[in-house]
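The residues making up each chain are set out below.
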Amino acid sequence: MTDTAVERLGEEYIQDPQAVFARLRDSAPVTPVIMPAGDRAWLVTRYDDVRAALNDPRLAKDWIKRAASQPWGGDPVRMALSRHMLVADPPDHTRLRRLVVKAFTPGRVEALRPRISEITSSLLDGLSSEPGDVVDLVDAFAFPLPVIVICELLGIGDGDRNLFREWTGTTLSSASTPEEQYAASRGVYDYFTSLVESKRREPGDDLVSALIAARDSGDALSEDELIAMLFLLLIAGHETTVNLIASGMLALLLNPGELARLRADPSLLPGAVEELLRYGNPLNHATIRFTAEPTVIGGVEIPAQERVVLATASANTDPGRFPSGSALDLTRDTSGHVAFGYGIHYCLGAPLARLEGEIAFGSLLSAYPDLTLAVPPESLRWRPSSLIHGLETLPVRLA
């Protein structure tokens, strides 16, 4: 892969990824690129190719064991934090996922509805005391809701949630320096190491204590895998939902006809959440894979040991799969969307994100039926991340 043959993804990709995806789906649906952080990869943009590749065993995740070129090779802390199921292949992936999958079954998640509703109501009550006030919906609502929920599941006090926001923001940013990345990783690693020590002394009825018990009873979970699992659950347990709530609310505000439909018929909420996931795409792409052997995708042969970026956000708006995919339609058939991935790495937290989204949108629209955007849409900025598609702020006027 030479630089002259590679498209560089920069600010346009960060601020308007769908424009980039639409162009590449037509001209070069499987193409070499340089990602915003400077790493080379092959970008796959059409729905059929992305969905098939998400479940292709020739595309591996475990770069620690199998990749020829290992990122962060000189950073043992980030290496340790990467020993989780999202960068594992079977049988390690199967073993690690089995330890936590029971906590996120639809039945177990549905049992959380009363508590999530209570947290949501409390946050909405605290938004403002005066009609017409302007608040940042990301900071005041979209971020704290899923963070409080995942912290309670893990058994973590919510007093540290701003630390989590800083650490995960730095970790997921394409603009972070190596020094900033290391400092964030070190903070996360030290925090969870201390938390595990504390929970060993005084276990509770929470997911951290359950994972510690599994580790200490010899359930084939190393100490690094335990720390990495907690890091993954923290990030995955809130990032997607933060962006679903904020991006979804922006989409509704910019599509008043669809917003009016939802206000008039709250029974549309479950389907609306699916459409907002498809349309808003909390992630631009799935986490990185690499070719374990030469692999043909979309008629293009990708050599072995190459990174592959599967643009799930592009797949979800591909008109070949979703007619008029760039339009919001809350009654659309969204079956098959890949906002949560597909195959063995399908997001196990999907039921929780869906429930949080349903409660968040329903409660917000009920509490503030005349909510409006407080700034021109073109002034809004998206976080400088290749992976995350999330607003930096969402100023809204309450009414």
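The notes below deal with the structure included here. Predicted, not measured: the structure shown is a model, and the values here were computed from it.

**Digging into the packing of aromatic side chains**
Stage number 1. The final tally for this structure, using the stated rule, is five aromatic pairs.
Stage number 2. Between Y47 and F322 the ring centres are 5.9 Å apart and the planes differ by 90 degrees, which places this aromatic pair in the edge-to-face class. Here the residue Y47 occupies a position in helix α3 (residues 47-54), and F322 occupies one in the loop between α18 (312-315) and α19 (350-367), the gap between them amounting to 275 residues.
Stage number 3. According to the relative accessible area criterion, F322 is buried, its value standing at 1%.
Stage number 4. A connected cluster of aromatic rings, assembled from ring pairs, spans W167, Y191 and F192.
Stage number 5. Geometry around F322 places R278 over its ring, the cationic atom sitting 5.5 Å from the centre.
Stage number 6. When the ring centre of F322 is taken as reference, the NZ or CZ atom of R321 above it lies at 4.7 Å.

**A closer look at the pattern of salt bridges**
Two side chains that carry opposite charge are able to pair once their charged atoms sit near each other.
Stage number 1. Summed over all chains, the structure comprises 20 salt bridges.
Stage number 2. Note that E225 and R95 form a salt bridge whose closest N and O atoms lie 2.9 Å from each other. Separated by 130 residues along the polypeptide, E225 in helix α14 (residues 223-236) and R95 in helix α6 (residues 92-100) bring together distant segments of the chain. With respect to burial, E225 and R95 carry one shared label: buried.
Stage number 3. Salt-bridge contacts for E118 lead to R115; the nearest nitrogen and oxygen are separated by 3.1 Å. In this pair, E118 and R115 both sit in helix α8 (residues 113-125), three residues apart, roughly one turn of the helix.

**What about the environment of K199?**
Stage number 1. Following the sequence through the fold, K199 ends up in helix α12 (residues 178-201).
Stage number 2. According to the relative accessible area criterion, K199 is buried, its value standing at 13%.
Stage number 3. Spatially, the C-alpha atoms of K199 and D370 are 45 Å apart, while their sequence positions differ by 171 residues.
Stage number 4. At a separation of 2.9 Å, a polar atom in the side chain of K199 contacts the side chain of D206.

Reading the values: rules and limits
- Residues numbered from 1 in each chain as written.
- Predicted model: local features only at pLDDT ≥ 70, side-chain atom pairs only at ≥ 80, totals over all residues.
- Heavy atoms only, no water.
- Phe/Tyr/Trp six-rings, centres within 6.5 Å; stacked < 30°, edge-to-face > 60°.
- Helix = DSSP H or I, 4+ residues; strand = E, 2+ residues; numbered from the N terminus.
- Buried < 20%, exposed > 50% of the residue type's maximum accessible area, 1.4 Å probe, protein only.
- Lys NZ or Arg CZ within 6 Å of the ring centre and 35° of its normal.
- Salt bridge = Lys/Arg side-chain N within 4 Å of Asp/Glu carboxyl O.
- Polar contact = N/O pair within 3.5 Å; in protein donor to acceptor, adjacent residues only side chain to side chain.

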